[in-house]
Amino acid sequence: MLMLADVSPCFQALETFLGPEKLEKFVRTPINRLNPCCFGLGTYIRSHLLSPQGELYRTFRKKGIFHSEDMSRELIRRFHQWERAKRLFPDALP
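Only a predicted model underlies this, so the values are computations on that prediction, with no experimental measurement involved.

Definitions and cut-offs
Every chain is numbered on its own, with residues counted from 1 as its sequence reads. Local features in this predicted model are restricted to residues whose pLDDT is 70 or higher, and side-chain atom pairs enter the listing and the counts only when it is 80 or higher, whereas totals over whole chains, interfaces and linings include all residues. As a rule here, side-chain values come from all non-hydrogen atoms in the structure, and water together with hydrogens is ignored. Any two of the Phe, Tyr and Trp rings considered here, Trp counted by its six-membered ring, make a pair once their centres fall within 6.5 Å; the pair's planes then place it as stacked at under 30 degrees, edge-to-face at over 60, or tilted in between. Note on conventions: DSSP H or I runs of at least 4 residues are helices, E runs of at least 2 residues are strands, and numbering of each starts at the N terminus. Only protein chains enter the accessibility calculation, which uses a 1.4 Å probe; a residue is then buried when its area is under 20% of its type maximum, exposed when over 50%, and partly exposed in between. As used in this structure description, the phrase polar contact means that two N or O atoms lie within 3.5 Å; if the pair is within protein, one of them must be able to donate a hydrogen and the other to accept it, and residues adjacent in sequence are counted only when both atoms belong to side chains. Any two residues having at least one pair of non-hydrogen atoms within 4.5 Å are treated as being in contact. To be clear, the arc concerns the directions from the helix axis to the C-beta atoms. To get an axis, a line is fitted to the C-alpha atoms, and for a helix only the part in contact is used. The angle between two axes follows their N-to-C directions and goes from 0 to 180 degrees. For this classification, under 35 degrees means roughly parallel, over 145 means roughly antiparallel, 65 to 115 means roughly perpendicular, and everything else is oblique. A clockwise turn of the near helix away from the far one marks a right-handed crossing, whereas an anticlockwise turn of less than a right angle marks a left-handed crossing. Charged means Asp, Glu, Lys or Arg here, nonpolar means Ala, Val, Leu, Ile, Met, Phe, Trp, Tyr, Cys or Pro, and polar covers whatever is left, Gly included. Think of a nonpolar core as a cluster: buried Ala, Val, Leu, Ile, Met, Phe, Trp, Tyr and Cys residues, connected wherever their side-chain atoms sit within 4.5 Å.

Participant: Outline the packing of aromatic side chains, listing residues and values.
Facilitator: Two aromatic rings are characterised by how far apart their centres lie and by the angle between their planes. Across all of its chains, the model carries four aromatic pairs by this definition. Both rings, one in Phe-17 and one in Tyr-44, keep their centres 4.1 Å apart while their planes meet at 20 degrees; by these two values the pair is stacked. Here Phe-17, found in helix H2 (residues 11–28), pairs with Tyr-44, found in helix H3 (residues 37–48); they are 27 residues apart in sequence, far enough to count as distant. Between Phe-26 and Phe-79, the ring centres sit 5.3 Å apart and the planes meet at 25 degrees, which makes this aromatic pair stacked. Here Phe-26 is found in helix H2, whereas its partner Phe-79 is found in helix H5 (residues 68–88), with 53 residues between them in sequence. Phe-79 sits in the buried class, given a relative accessible area of 0%. Ring pairs connect the aromatic residues Phe-11, Phe-26, Phe-79 and Trp-82, which therefore count as one cluster.

Below you can see the structure in the form of structure tokens.
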């Protein structure tokens with residue numbers, strides 16, 4: 001299972017990429033409706049964060065996730081959960 005600690009270091013880059021308005025829209029999107037987000041955000045992730053020589057890419061492969069689209073989809077889901085949790089429990093997360 002992919003742990004939050006494995007992927008959370010790249011969340012700042014995703015926040016910056018989205019910007020405040022798109023980030024809020026992203027957070028309000030129900031998790032079962034994130035597939036349209038996979039195009040723009042997923043493309044960014046695959047182009048900028050998932051280099052085959054990178055640590056994040058190797059982490060996914062160690063966890064049994066081998067295709068870059070599956071990696072970006074999982075990262076989007078984790079990022080969504082993280083951002084929603086930050087709003088629900090602002091004092092509980094670093």
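That covers the picture; the talk isn't over yet.
Participant: How would you summarise the side chain of Thr-29 if you had to cite specific residues and measurements?
Facilitator: If you trace the backbone, Thr-29 turns up in the loop between H2 and H3. At a separation of 2.8 Å, a polar atom in the side chain of Thr-29 contacts the main-chain carbonyl oxygen of Lys-25. Aside from chain neighbours lying at most four places away, what touches Thr-29 is Leu-34, His-80 and Arg-84.

Participant: Tell me about helix H4 (residues 55–62), and name the residues and values.
Facilitator: If you check which residues of H4 are buried, you get Leu-56, Tyr-57, Thr-59 and Phe-60. One face of H4 carries all of its buried residues, which in axial projection span an arc of 160 degrees.

Participant: Which residues make up the packing of H2 against H5, and what values go with them?
Facilitator: The contact between H2 and H5 brings their axes to 11 Å, and the two run at 65 degrees. What the angle tells us is that H2 and H5 run roughly perpendicular. Classified by chirality, the crossing of H5 by H2 is right-handed. Residues Phe-11, Leu-14, Glu-15, Leu-18, Leu-23, Glu-24, Phe-26, Val-27 and Arg-28 of H2 touch H5, and the partners they reach there are Leu-75, Ile-76, Arg-78, Phe-79, His-80, Trp-82, Glu-83, Arg-84, Lys-86 and Arg-87. Taken together, the residues of the contact of H2 with H5 break down into ten nonpolar, one polar and eight charged.

Participant: So what's going on with the side chain of His-80? Which residues, and what values?
Facilitator: Tracing the backbone through its elements, the reader meets His-80 in helix H5. According to the relative accessible area criterion, His-80 is buried, its value standing at 2%. When sequence neighbours within four positions are dropped, the list of residues in contact with His-80 reads Phe-26, Val-27, Thr-29, Pro-30, Ile-31 and Leu-34.

Participant: Give a detailed account of the nonpolar core, specifying residues and quantitative values.
Facilitator: The nonpolar side chains of a soluble globular protein tend to be buried with one another. Among the nonpolar cores identified, the biggest contains 23 residues, and Leu-14, Phe-26 and Leu-75 are the most heavily contacted of them. At the level of secondary structure, the elements contributing two or more residues to this core comprise H2, H3, H4 and H5. Here this core takes six residues from H2, the largest share from any one element. In contact with Leu-14, not counting residues within four places along its chain, are Leu-41, Tyr-44, Ile-45, Leu-49, Leu-75 and Phe-79.

By themselves, these figures tell us nothing about what the structure is for.
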